[in-house]
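# Breakdown of the fold
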Amino acid sequence: MRLEARFAWLPTPFRSLMLFCVWLLLNNSLSAGHILLGLILAIVIPLATQPFRTKQPLILKPGLAIRHLFLVLYDIITANVQVALLILGPTKRLKPGFVKVPLDLSHSMPITILASTVSLTPGTVSAEVYPWRESLPDGSKPEKRYLLIHVLNLEDEDALIQTIKQRYEAPLKEIFEC
């Protein structure tokens, strides 16, 4: 049975659970009426808003997602130290620049996570994803997408691109299988 068909009446189970819990917390009551109304709202609201949501790939490997999260946290800590050493030293040595990283990801959610990861890591910031549209005005898909990144100290552009692709993009492709 397909996952989508199995949850047709409950399209976003975690959101429904959150709505149910928030309803009970806001009312500060566990009466039968509040529980019943909370259940109804937790089912009806996600069903009513389903047509307005953009379909995103599912996280198919949550264990890898958690491992990736810890890797990003580690990289944030080490990059903070590296950036601190860079800015406390002579600023004449800094070589800021822009790098255009070709993307293999196709869905907007993994691309957003990748751009956020790059921006969270000190010394780099995502500037733009282009072409930014899922499809072009004529309905065709863009040939290639790129993530434009500003780097505080650009020493080797090819090495930076390979690091981003292997360390961040490859696990995201596997987590979302896209």
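Residues numbered from 1 in each chain as written. Predicted model: local features only at pLDDT ≥ 70, side-chain atom pairs only at ≥ 80, totals over all residues. Heavy atoms only, no water.

### Some points on helix 6 (residues 157-176)
Across its 20 residues, helix 6 extends 27 Å between first and last C-alpha, which sits within 8% of the 28 Å expected from 1.5 Å per residue. The largest bend in helix 6 comes to about 35°, at Glu 169, with the proline Pro 171 one to four residues further on. For helix 6, every residue scored as buried is listed here: Leu 160, Ile 161, Ile 164, Lys 165, Tyr 168, Glu 169, Pro 171, Leu 172, Ile 175 and Phe 176. Contacts from the buried residues of helix 6 go to helix 4 (62-88), strand 1 (97-103), helix 5 (108-120) and strand 3 (145-151). Measuring from the backbone nitrogen of Asp 158 back to the side-chain oxygen at the start of helix 6 gives 3.4 Å, which picks out Asp 156 as the cap. In the stretch just after helix 6, Glu 177 is the one whose phi turns positive, near 45°. (Helix = DSSP H or I, 4+ residues; strand = E, 2+ residues; numbered from the N terminus. Expected span 1.5 Å × (residues − 1). Bend = angle between axes of the 7 residues up to and from the residue. Buried < 20%, exposed > 50% of the residue type's maximum accessible area, 1.4 Å probe, protein only. Contact = heavy atoms within 4.5 Å. Polar contact = N/O pair within 3.5 Å; in protein donor to acceptor, adjacent residues only side chain to side chain.)

### Some thoughts on the sheet that holds strand 2 (residues 124-130)
Read from one edge of the open sheet, three strands run 1-3-2, paired in antiparallel fashion. The open sheet has two free edges, formed respectively by strand 1 and strand 2, since each of these has just one partner strand. For this sheet the average axis-to-axis angle between neighbouring strands, irrespective of direction, equals 25°. Judged from the six bridges that link them, strand 2 and strand 3 form a sheet pairing that is antiparallel. Pairing of Val 125 across the sheet is with His 150, part of strand 3. Sheet strands touched by helix 5: strand 1, strand 2 and strand 3. Its angle to strand 2, the strand with the most contacts, is close to 155°. (Pairing = 2+ DSSP bridges. Axes fitted to C-alpha atoms, helices over the stretch in contact; angles between N-to-C directions.)

### Focus: the environment of Asn 153
In this fold, Asn 153 is placed in the loop between strand 3 and helix 6. Judged by its relative accessible area of 17%, Asn 153 is buried. Residues Asn 153 and Thr 124, spaced 29 residues apart in sequence, show a C-alpha to C-alpha distance of 8.7 Å. Sequence-distant contacts of Asn 153, that is, excluding residues within four places in its chain, are made with Leu 86, Arg 93, Leu 94 and Lys 95. Of the polar contacts made by the side chain of Asn 153, one reaches the backbone nitrogen of Lys 95; its length is 3.0 Å. A distance of 3.3 Å separates the side chain of Asn 153 from the side chain of Glu 155, its partner in a polar contact.

### A look at the nonpolar core
Within the largest apolar cluster, 22 residues are counted, with the highest numbers of intra-cluster contacts made by Val 99, Val 101, Leu 114, Leu 147, Ile 149 and Ile 164. Counting only elements with at least two residues in this core, the list comes to helix 4, strand 1, helix 5, strand 3 and helix 6. Ranked by residue count, the leading element in this core is helix 6, at seven residues. If sequence neighbours within four positions are ignored, Ile 164 has contacts with Val 101, Leu 114, Val 118, Ile 149 and Glu 169. (Core = buried A, V, L, I, M, F, W, Y, C linked by side-chain atoms within 4.5 Å.)

### Notes on the pattern of salt bridges
A complete count under the given rule lists five salt bridges for this structure. One salt bridge connects Asp 75 with Arg 167, and the closest N-O pair in it is separated by 2.7 Å. Highlighted residues: Asp 75 in helix 4 and Arg 167 in helix 6, separated in sequence by 92 residues. The partner of Lys 165 in a salt bridge is Asp 104, with the nearest N and O atoms 3.2 Å apart. Here Lys 165 is found in helix 6, whereas its partner Asp 104 is found in the loop between strand 1 and helix 5, with 61 residues between them in sequence. Each member of the salt-bridge network shares a partner with another, and the members are Asp 104, Lys 144, Lys 165 and Glu 169. (Salt bridge = Lys/Arg side-chain N within 4 Å of Asp/Glu carboxyl O.)

### Thoughts on the UniProt feature "transmembrane region" (unreviewed entry) in the protein
UniProt records the feature "transmembrane region" (unreviewed entry) at residues 7-26, 32-49 and 69-89, using the numbering of this structure. With 100% helix and 0% strand, the stretch residues 32-49 has end C-alpha atoms that lie 26 Å from each other. Between the end C-alpha atoms of residues 69-89 there is a gap of 30 Å, over a span that is 95% helix and 0% strand. (UniProt positions renumbered as here; feature names shortened; annotations may be inferred.)

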